Amino acid sequence: MNTKQEKLEAFGRLLDIMDDLREKCPWDQKQTLESLRHLTLEETYELSDAILQNDLQEIKKELGDVLLHLVFYAKIGSEKESFDIADVINSLNEKLIFRHPHIYGDVEVKDEEEVKQNWEKLKLKEGNKSILGGVPKSLPSLVKAYRIQDKVKGIGFEFHDAEDAWKKVDEEIQEFHAETDLDKKEQELGDVFFSLINYARISGINPDSALERTNLKFISRFQKMENLASEDNLKLADMSLEEMDVLWEKAKLLQ
C-alpha cells in the first residue's frame, strides 16, 4: 500500500489535472454544479453496483470517478470564490471531531448504538431543527424510508425487537386487504412497504441491498429463459405462462 506522502502526492496531482482540464478542455470548461449533478448520481449508482458485486477493482475505478466529481465541485466553488477543496476538507474534519466526542473529548460510550444516538443529538446542537432534516428529499423512496427509520431510532423511537416490528407488518397487510378505495389502498400499500423496511432494518438486513440482489437474480434467470427458448427456436412472447414456467424452473437449475 502507498505511504501517506504518496497518497498526498496523488491527491495533489489530481488537483493539478483538474486545474488543467478546467482551463484547457472545452467539455470541462462548460460544466456547472447543475450539469454535473445527474452525472454524479450515475457514478454513485455505478459504485453501488460494484459494491454489490464485490468487485474490488471496479470499486477502485468507480471511487475514482466519484472523487473526480467531488474535486470538480470544489473547483467550481473556488471559481465562484465561495469555497475550495481545503474548505471542504477542513469543514469535514471539524464536523468529524465534533461528532466524535468519545474519541476527541471525554465522553464515554459503551457500544455502536450509543455512538449513533450521540451523533443525532449533536446534529441538533449544530442547528438542525429536526432529526429528519438531514434526509435528502431526492433519495429513492426505499432508501429514504430506511434513513428516516434509522434516524428516529437515534432518539429511541423504535420497536423493542424484530418480532414487534413484524406484528406491525401483519397489521398493515390486513389494513391493505380490507381497503377497497384505490387511492386509500395505495396509501395502505405504502404503509406495508414502510413497515416491512422497518422490520428488515431491525433484523439487520438492508432492504435496498436485498431487493437489488433479487433484481439481479431475476434478470439473470429471465435472460437464461430467453436463451433456452432461443435454443429451441422459440420466443417467450409466443409461449403460454405454463410453458414459460417450465423454462423458469430450468433456468433456476442453471444458476
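Computed from a predicted model, the values in this text were never measured in an experiment.

Chemist: Please clarify how the packing of aromatic side chains should be interpreted in this entry.
Modeler: What characterises a pair of aromatic rings is the spacing of the ring centres plus the angle enclosed by the ring planes. The final tally for this structure, using the stated rule, is three aromatic pairs. Seen in terms of ring centroids, Phe218 and Trp248 are 5.2 Å apart; in terms of plane orientation they differ by 45°. Their pairing is tilted. With Phe218 in helix H11 (residues 207–231) and Trp248 in helix H12 (residues 241–254), this pair connects stretches of sequence that are 30 residues apart. Over the ring of Phe176 we find Lys185; its NZ or CZ atom is 4.2 Å from the centre of that ring.

Chemist: Which parts of the structure should I look at to understand helix H8 (residues 141–153)?
Modeler: Three- or four-residue spacings in an α-helix give side chains the same orientation, since the helix completes a turn every 3.6 residues. Between its first and last C-alpha, H8 extends 18 Å over 13 residues, near the 18 Å set by a 1.5 Å rise per residue. Along H8, the residues that are buried comprise Ala145, Gln149, Asp150, Lys151 and Val152. Where H8 is buried, its residues contact helix H7 (112–125) and helix H10 (182–202).

Chemist: How should the pattern of salt bridges be read in this particular structure?
Modeler: Pairing between side chains of opposite charge can happen when the charged atoms of each approach one another. Within this structure, the stated rule accounts for eleven salt bridges. The shortest N-O distance in the salt bridge between Glu58 and Lys61 comes to 3.9 Å. Of this pair, Glu58 and Lys61 both sit in helix H4 (residues 56–79), separated by three residues, roughly a single helical turn. Residue classification places Lys61 among the partly exposed residues on the basis of a relative accessible area of 44%.

Chemist: In this structure, what is going on with the layout of surface pockets? I would like to understand it.
Modeler: To find leftover empty space, a probe the size of one water molecule is rolled over the atoms. If you add up the space inside the largest pocket, you get close to 460 Å³. Along the walls of the largest pocket sit 17 residues, with Tyr45, Leu139, Pro140, Val143 and Asp208 positioned nearest its centre. Mapped onto the lining of the largest pocket, the elements with two or more residues apiece are helix H3 (33–52), H8 and H11. Tallying contributions element by element places H3 first for the lining of the largest pocket, with seven residues.

Chemist: It is not clear to me how the UniProt feature "domain: NTP pyrophosphohydrolase MazG-like" (unreviewed entry) in the chain should be interpreted in this structure. Could you clarify?
Modeler: When the UniProt feature table is mapped onto this chain numbering, "domain: NTP pyrophosphohydrolase MazG-like" (unreviewed entry) sits at residues 31–103. End C-alpha atoms of residues 31–103 are separated by 40 Å, and the span's content is 84% helix alongside 0% strand.

Cut-offs and rules
- Residues numbered from 1 in each chain as written.
- Predicted model: local features only at pLDDT ≥ 70, side-chain atom pairs only at ≥ 80, totals over all residues.
- Heavy atoms only, no water.
- Phe/Tyr/Trp six-rings, centres within 6.5 Å; stacked < 30°, edge-to-face > 60°.
- Helix = DSSP H or I, 4+ residues; strand = E, 2+ residues; numbered from the N terminus.
- Lys NZ or Arg CZ within 6 Å of the ring centre and 35° of its normal.
- Expected span 1.5 Å × (residues − 1).
- Buried < 20%, exposed > 50% of the residue type's maximum accessible area, 1.4 Å probe, protein only.
- Contact = heavy atoms within 4.5 Å.
- Salt bridge = Lys/Arg side-chain N within 4 Å of Asp/Glu carboxyl O.
- 1 Å grid on protein atoms, 1.4 Å probe; cavity = no way out; pocket = protein on both sides within 12 Å on 5 of 7 lines; lining within 4 Å.
- Points joined across faces, edges and corners; volume = space filled by probe spheres on them.
- UniProt positions renumbered as here; feature names shortened; annotations may be inferred.

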